[in-house]
Amino acid sequence: MSKILFTLAVAVATTGAFAGLTNPGIEKRVEDLLAKMTLDEKLGQLIQVGGSDEAGVPASQDLSKAEIGKRFYEMIEKGAYGSLIGCRGVKYFNEAQEAALKSRLGIPLLIGHDMIHGCITDYPIPLGLSAAWDTNLWFRCASTVGPETWLKGANWTFAPMLDISRDARWGRIAESPGQDPYLANLYGYWWTKGLQGEDMSKDYRIAACAKHYVAYGAAEGGRDYNRVEMSDSTLRNVYLPSFRGAIAAGLATVMPAFHTFNDVPCSANRYLLTDILRGELGFEGFTISDYDAVWEMREGRHGYGADDAEIASLALNAGMDMEMLGGTYRRGLKAAIADGRVKMETVDEAVRRILRVKFALGLFEHPTIDEEDLRKHIDFAANRAVAREAAQKTTVLLKNAKGTLPLAKGVKVALLGGFANNTNEMH
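Residues numbered from 1 in each chain as written. Predicted model: local features only at pLDDT ≥ 70, side-chain atom pairs only at ≥ 80, totals over all residues. Heavy atoms only, no water.

### Let's talk about the nonpolar core
Counting residues in hydrophobic clusters, the biggest one holds 126 residues, and the most contacted among them are Leu46, Trp191, Tyr213 and Tyr329. At eight residues, helix H13 (residues 344-360) tops the list of elements feeding residues into this core. (Core = buried A, V, L, I, M, F, W, Y, C linked by side-chain atoms within 4.5 Å. Buried < 20%, exposed > 50% of the residue type's maximum accessible area, 1.4 Å probe, protein only. Helix = DSSP H or I, 4+ residues; strand = E, 2+ residues; numbered from the N terminus.)

### Section: the pattern of salt bridges
Per the stated rule, a full pass over the model turns up 31 salt bridges. Across the salt bridge formed by Glu27 and Arg356, the nearest N and O atoms sit 2.5 Å from each other. Residue Glu27 is located in helix H1 (residues 24-36), and its partner Arg356 is located in helix H13; the two are separated by 329 residues in the primary sequence. Its salt-bridge partner being Arg341, residue Asp339 comes within 2.8 Å of it at the nearest N-O pair. Of the residues examined, Arg341 reaches a relative accessible area of 36% and is grouped as partly exposed. Beyond isolated ion pairs, a larger network of salt bridges with shared partners links Glu27, Glu31, Arg278, Asp321, Glu349, Arg352, Arg353 and Arg356. (Salt bridge = Lys/Arg side-chain N within 4 Å of Asp/Glu carboxyl O.)

### Focus: the packing of aromatic side chains
Within the structure shown, the criterion is met by 16 aromatic pairs. Measuring from centroid to centroid gives 5.3 Å for Trp138 and Tyr187, while their planes differ by 70°, and the two rings are edge-to-face. Of this pair, Trp138 sits in helix H6 (residues 135-152) while Tyr187 sits in helix H7 (residues 181-196), and the two are 49 residues apart along the sequence. For the ring pair Phe359 and Phe364, a centre distance of 4.0 Å and an interplane angle of 15° mean the geometry is stacked. Residue classification places Phe364 among the partly exposed residues on the basis of a relative accessible area of 22%. (Phe/Tyr/Trp six-rings, centres within 6.5 Å; stacked < 30°, edge-to-face > 60°.)

### Description of the sheet that holds strand S4 (residues 156-157)
Taken together, five strands build an open sheet; the order of strands is S4-S3-S2-S1-S10 and the sheet is parallel. A strand with exactly one partner marks an edge of an open sheet, and here the two such strands are S4 and strand S10 (323-324). (Pairing = 2+ DSSP bridges.)

### A short note on unusual backbone geometry
Each neighbour pair has its own omega, and for Lys211 with His212 the value is -5°, a cis peptide bond. With respect to the secondary-structure elements, His212 resides in strand S5 (residues 209-213). Following Leu405, the chain continues to Pro406 via a peptide bond in cis, the omega torsion being 0°. Despite not being glycine, Trp133 has its phi angle at roughly 45°, a positive value.

### Some words on the pairing of strand S6 (residues 253-256)
Side chains Thr253 and Met255 of S6 all project onto a buried face; the interleaved residues Val254 and Pro256 project onto the opposite face, where all are buried too. Here S5 pairs with S6 via four bridges, running parallel. Note on S6: the bridge partner recorded for Tyr213 is Pro256. Relative to strand S9 (residues 286-287), S6 runs parallel, the two being bridged by two bridges. Paired with Thr253 across the two strands is Phe286, which belongs to S9.

### A word on helix H3 (residues 65-77)
With 13 residues, H3 extends 19 Å from end C-alpha to end C-alpha; this agrees with the ideal 18 Å at 1.5 Å per step. Residues of H3 that are buried: Gly69, Phe72, Met75 and Ile76. All buried residues of H3 project into a common sector of 115° when viewed along the axis, lining one side. Exposed residues lying more than 90 degrees from the buried face of H3 are Ala66 and Lys70. Residues of H3 that are buried sit in contact with strand S1 (47-49), strand S2 (83-85) and helix H4 (89-101). Directly beyond the C-terminal end of H3, a positive phi value near 80° is found at Gly79. (Expected span 1.5 Å × (residues − 1). Arc of directions from axis to C-beta. Contact = heavy atoms within 4.5 Å.)

### Quick word on the environment of Ala315
Examined against the element boundaries, Ala315 turns out to sit in helix H11 (residues 308-318). Owing to a relative accessible area of 0%, Ala315 belongs among the buried residues under this scheme. Separated by 26 residues in sequence, Ala315 and Ser289 place their C-alpha atoms 9.2 Å apart. The residues touching Ala315, leaving out its near neighbours within four places in the chain, are Ser267, Ala268, Val294, Met297, Met320 and Tyr329.

### Some points on a nonpolar patch on the surface
Taken together, the side chains of Leu397, Leu405, Leu407, Val411, Val413 and Leu415 define a hydrophobic patch exposed on the protein surface, amounting to about 590 Å² of accessible area. Looking at the element boundaries, Val413 is found in the loop between helix H15 (380-394) and helix H16 (423-426). (Patch = residues over 30% accessible without salt bridge, like charges linked within 9 Å, V, L, I, M, F, W, Y side chains within 5 Å. Areas by Shrake-Rupley, 256 points an atom, 1.4 Å probe, with all protein chains shown as cover.)

### Quick word on H11
Across the 11 residues of H11, eight count as buried, placing the element largely inside the fold. For H11, the elements touching its buried residues are helix H10 (270-280), helix H12 (328-338) and H13. Gly319 occupies a position one or two residues after H11 and carries a positive phi of about 125°.

### Concerning the state of the cysteines
Disulfide: a covalent bond formed between the sulfur atoms of two cysteine residues. Evaluated as defined, the whole model comprises zero disulfides. Here Cys119 stays free of any disulfide, with the sulfur of Cys87 as its closest cysteine sulfur at 6.0 Å. (Disulfide = S-S within 2.5 Å.)

### Side note on the sheet that holds S5
Strand pairs in the sheet, formed through backbone hydrogen bonds, run parallel or antiparallel to each other. Sheet architecture is open: three strands sit in the order S5-S6-S9, paired in parallel fashion. The two strands at the open ends of the sheet, each matched to only one other strand, are S5 and S9. The strands touched by H10 are S5, S6 and S9; relative to S5, the strand with the most contacts, the crossing angle is about 135°. (Axes fitted to C-alpha atoms, helices over the stretch in contact; angles between N-to-C directions.)

### Some thoughts on the packing of helix H8 (residues 232-239) against H10
For the pair H8 and H10, interaxial distance at closest approach is 14 Å and the crossing angle is 55°. Accordingly, the angle class assigned to the pair H8 and H10 is oblique. Crossing geometry of H8 relative to H10 is assigned as right-handed. For the pair H8 and H10, contact is made by Asp232, Leu235 and Arg236 and by Tyr271, Leu272, Ile276 and Glu280, respectively. Class assignment for the residues of the contact of H8 with H10 results in four nonpolar, no polar and three charged. (Parallel < 35°, antiparallel > 145°, perpendicular 65-115°, else oblique. Left-handed = near helix turned anticlockwise from the far one by under 90°. Nonpolar A, V, L, I, M, F, W, Y, C, P; charged D, E, K, R; others polar.)

Structure below.
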């Protein structure tokens, strides 16, 4: 049978990788650094943790919070982690990076967080932004997110969220650009381009991460994390185009989804992560699991793998480069390598992909944040003007009941519900 092709016409390039990840100068630096790394240092690059609670301190140890925190920074200094998750401000960011720079090879950290529709300045939710059908607006909104993200203490965002949403029962529709593949393709391209720019190392740009790869919005019954059964035709014509657009814009990272796709968890699905993502779509960045997703492949969720070593080997061999939390790679990969289930070439390739992004982001030259200089690059008044424009262009009137609009002078509007004044949840 001949390969099923995309029949969807798209308005952006469908091939061509981000030059920043394939620069010959970066490749030489990656290979030089990789040649110096021990196995423990390589495995450290594949691990993302959330803070001192993930420091690898045995639960039986009766340590104080301060002692655990000290151990956490000591682990960073040993090169035990390649990435942290969570925005905790400039001070925490710089302290963590300074600890990483004390490691034997001085490899800086990627620090990631969700910036789905803005950071300090909030824009309409993605479902609202998509209603504008305005690529320039999307680009301008995303362009402001990078500097503000640095100011919050991160250099990487788990966005854009590009799931196609056609089942109203699914609870994450608000994060997505909606139900149209053509629109989502454009949204993925321009949001990625705005976050990363043409050169991630300049103008306080950040690394983007398209999620959730793939067909997360097609979960059976609209139930989050549930199984997905899908034909190749539907996969390619409905659910892949949005990721195709982001990759064409130079996407640095991809987050596979929680669910099973045709009975295999996305976190260990070689057909999705290697054959299609890299082989067909030409993705050259690295993949990171969703929160605990590798660990959750085990009994109790998907029943896929008996222990840490087996689960870690299934995920890494399939093309999952970095694990977000869960600790499965930390606990299981060394044993899987020792007994031959994971080859060193597989580990090395995953490390290469992560190092490329770190070099492309300019972290080796500028690992810490100069807050005074950063603030000079952020015009909050201009950002708010873009947010106001976005709100105006994305307001959708479903029905003008009894001539409610335009509002008469003096009429008051009530904003009701738990999110009405909860700015943290809005972020």
